[in-house]
Amino acid sequence: MAIRTWAGVRGQALRILVSIASSSAFLLFGYDQGVFAGLIGGQAFKDTFNNPDTTTIGTVTAIYEIGCFLGAILTFYIGDKLGRKNAIWVGLAIMLIGTVLQATAFGVGHMIVGRIVTGIGNGINTSTVPMYQAETTKARSRGRMISIEGWFITIGITISYWITYGTSFSNDPTVQWRTPIILQCAFGAVTAMMLFGLPESPRFLMAKGRKEEALEALALLEGEDQNSAAVQAQFKSIQAALDFSAGSNNGEVTFKDYFKGGKQQTFRRLALGYGIQMMQQLTGINAVIFYSAYLLENVLNLDRELSLIVGGCTGLTFFVFTFIPILFIDSWGRRKPLMLGAAGQAVAMAVIAVCVKLSVEDNNIAAGTAGVIFVMVYIATYSGFAWVATPWLYPTEINELRFRNQGTALATSANWLWNFVVVKITPLGAQNLGWKFFLIFMVFNASFVPIIYFLYPETAGKTLEELDSLFVNTTKAWQLTEKGRHGDVDIELPHELAHGTSLTTADEEKRGSHDSLPAHKM
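What counts and how
Residues numbered from 1 in each chain as written. Predicted model: local features only at pLDDT ≥ 70, side-chain atom pairs only at ≥ 80, totals over all residues. Heavy atoms only, no water. Helix = DSSP H or I, 4+ residues; strand = E, 2+ residues; numbered from the N terminus. Expected span 1.5 Å × (residues − 1). Buried < 20%, exposed > 50% of the residue type's maximum accessible area, 1.4 Å probe, protein only. Salt bridge = Lys/Arg side-chain N within 4 Å of Asp/Glu carboxyl O. Contact = heavy atoms within 4.5 Å. Polar contact = N/O pair within 3.5 Å; in protein donor to acceptor, adjacent residues only side chain to side chain. Core = buried A, V, L, I, M, F, W, Y, C linked by side-chain atoms within 4.5 Å. Phe/Tyr/Trp six-rings, centres within 6.5 Å; stacked < 30°, edge-to-face > 60°. Lys NZ or Arg CZ within 6 Å of the ring centre and 35° of its normal. Axes fitted to C-alpha atoms, helices over the stretch in contact; angles between N-to-C directions. Left-handed = near helix turned anticlockwise from the far one by under 90°. Nonpolar A, V, L, I, M, F, W, Y, C, P; charged D, E, K, R; others polar. Lys, Arg positive; Asp, Glu negative; His and termini not counted.

Draft legend 1. Main features of helix α6 (residues 142-167). Taking 1.5 Å per residue, 26 residues should reach 38 Å; α6 reaches 38 Å between its end C-alpha atoms and fits that length. For α6, a buried count of 20 out of 26 residues is recorded, marking the element as mostly surrounded by other parts of the structure.

In structure tokens form, the structure reads like this:
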């Protein structure tokens, strides 16, 4: 059966539609991330749930991350059975059910169930959408496309901040907090509808042996005939990459395959993907996103309305500065922005800690104002140096095709697990440690600079098939810093894939395995 696309579009126009669908899914993700923070302080919300204490608020808020974690783990097992598009549809359907449960809640237990269900759907989508985008995008613009997804996260957060500010003046629960929650359905509907006119990932189809469909999908995405040189080169490159990593068992993945070093460095790839997502959360960003209004109101002592306005401005800061990586991420690469960003974030957290100390202990109004400004500086640094998008992009690049679904799902589970930890401890940490709480994130951010330098190789500009043979010659990340130099068409095959070369014992010893690498503690 021929693949149908919206209005029969092909080539670049079709890739743009894939990007719009993926970005709308991440807009929903961002809205869902930000909306609850603006609701938990509202009087109508408190009255509905009998004035929950800090611990209860922390649990109800953070339980969403447990649902997302479960969704990511579920994707680990079922993602390759469903395919990229079907997995996204399933995730959206589950999110719809969870959203309705939340919007109709009258008790804490009911709300917790709704947030878990919504989280499961979002966990599936955040595991699958970046992978779908990466597998349908050219190497030269892969970073840009997924950075656009990251930008749409911030658009969703910004929309949620200002909608919750607008509804905060009402004492009617239906207006004050139920309406902002149910609006999530509109964003999900856009993605669900768009998927009907988009092709399945050709790399997923190849991995499943559906070669004719894969060839047709590649031709549609290239905008060329199936027999064209560009389409045939990509087709052969993907097949060569699958053959290169197939191993025994006819390419079937076994449990012990996840722990292999050797020429693929499978375990190392999985660990790198897991680590970058864990680090994203330990920057402290979601302590700021989820509890921006709470922190400003209770730590810097701003009134409720002003706290919401400043929270909305943090969303605007996200929106503006997350656009910057769209312009440079494919030319700068992945490593350099992450290291510069982590260093800047460490400095910002240190200044925030000092400002909070002076504001709270000495009642220094100027220090409180400076603290708010440096919250903005921290967010601008985090956003401007690609910490929003790169942790979602990197696992889709570093994991080889046979393990890409599992590796991306595992990495996403790390994001949500550590997100839960951060969101759960933030109210208690801010309440009990005060200004010292920010020093924890200062230390984490500073430590990420050497971790990225020594452990994370450059992936920008290389085709996904080239990245499958990334560790053939060396496992030293600080030597793997060269970016790929592909033009409009991804037609070059890595030498090892193109010629099917095997590695000698000396090569194996030179390259090493994950057992001989510096430990990446997680």
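Back to the write-up after that little detour.
Draft legend 2. Examining the pattern of salt bridges more closely. Counting across every chain of the model gives 13 salt bridges. Two residues, Arg-84 and Asp-80, come together in a salt bridge whose shortest N-O distance is 3.2 Å. Owing to a relative accessible area of 18%, Asp-80 belongs among the buried residues under this scheme. In this structure, the salt-bridge partner of Arg-404 is Glu-135, at a minimum N-O distance of 3.0 Å.

Draft legend 3. Highlighting the environment of Arg-334. Relative to the elements of secondary structure, Arg-334 occurs in the loop between α16 (324-332) and α17 (335-361). Along the primary structure Arg-334 and Ile-452 are separated by 118 residues, whereas in three dimensions their C-alpha atoms are 9.8 Å apart. Ignoring sequence-local partners within four residues, the contact set of Arg-334 consists of Arg-142, Gly-143, Ile-329, Thr-390, Leu-393, Tyr-394, Glu-397, Glu-458, Thr-459, Ala-460 and Gly-461. A polar side-chain atom of Arg-334 sits 3.2 Å from the main-chain carbonyl oxygen of Ile-329. Separated by 2.7 Å, the side chains of Arg-334 and Glu-397 make a polar contact.

Draft legend 4. The nonpolar core, seen in detail. Core analysis: the largest hydrophobic core is formed by 66 residues, its most contacted members being Leu-198, Tyr-378, Trp-387, Ile-452 and Tyr-456. The contacts of Ile-452, once residues within four sequence positions are left out, are Met-279, Arg-335, Leu-338, Met-339 and Trp-387. Counting residues in each nonpolar core, the second largest holds 15 residues, with Tyr-31, Phe-36, Ile-57 and Val-60 among its members.

Draft legend 5. Focus on unusual backbone geometry. The backbone phi angle of Asn-50 is positive, close to 60 degrees, even though this residue is not glycine. The residue Asn-50 is located in the loop between α2 (43-48) and α3 (54-82) in this model. Phi at Asn-51 is positive, roughly 50 degrees, even though this residue is not glycine. In this fold, Asn-51 is placed in the loop between α2 and α3.

Draft legend 6. How the structure looks around the packing of aromatic side chains. One pass over the full model with this rule turns up 31 aromatic pairs. Pairing Phe-26 with Trp-392 gives two aromatic rings, centres 5.7 Å apart and planes at 90 degrees, and the pair type is edge-to-face. Pair noted here: Phe-26 is in helix α1 (residues 11-35) and Trp-392 is in helix α19 (residues 390-398), with a separation of 366 residues, a long-range link. We note that Phe-26, like Trp-392, is buried. Sitting over the face of the ring of Phe-106, Arg-178 holds its NZ or CZ atom 4.2 Å from the ring centroid. Above the plane of the ring of Trp-435 lies Lys-357, whose end atom (NZ or CZ) is 5.8 Å from the centre.

Draft legend 7. Looking closely at the packing of α6 against α19. Contact pair α6 / α19: the axes reach a minimum separation of 9 Å and the direction vectors enclose 145 degrees. Handedness of the α6/α19 crossing: right-handed. Contact residues: α6 offers Arg-142, Gly-143, Ile-146 and Ile-153, while α19 offers Trp-392, Leu-393, Thr-396 and Glu-397. Taken together, the residues that form the contact of α6 with α19 break down as four nonpolar, two polar and two charged.

Draft legend 8. Summary view of the side chain of Glu-200. Here Glu-200 is to be found in the loop between α8 (184-194) and α9 (202-207). Lacking a salt bridge, the buried Glu-200 has Arg-84 as its closest oppositely charged neighbour, with an N-O distance of 5.4 Å. At a separation of 3.2 Å, a polar atom in the side chain of Glu-200 contacts the main-chain amide nitrogen of Arg-84. Separated by 3.4 Å, the side chain of Glu-200 and the backbone nitrogen of Lys-85 make a polar contact. Setting aside its immediate chain neighbours within four residues, Glu-200 contacts Gly-83, Arg-84, Lys-85, Tyr-132, Leu-205 and Ala-217.

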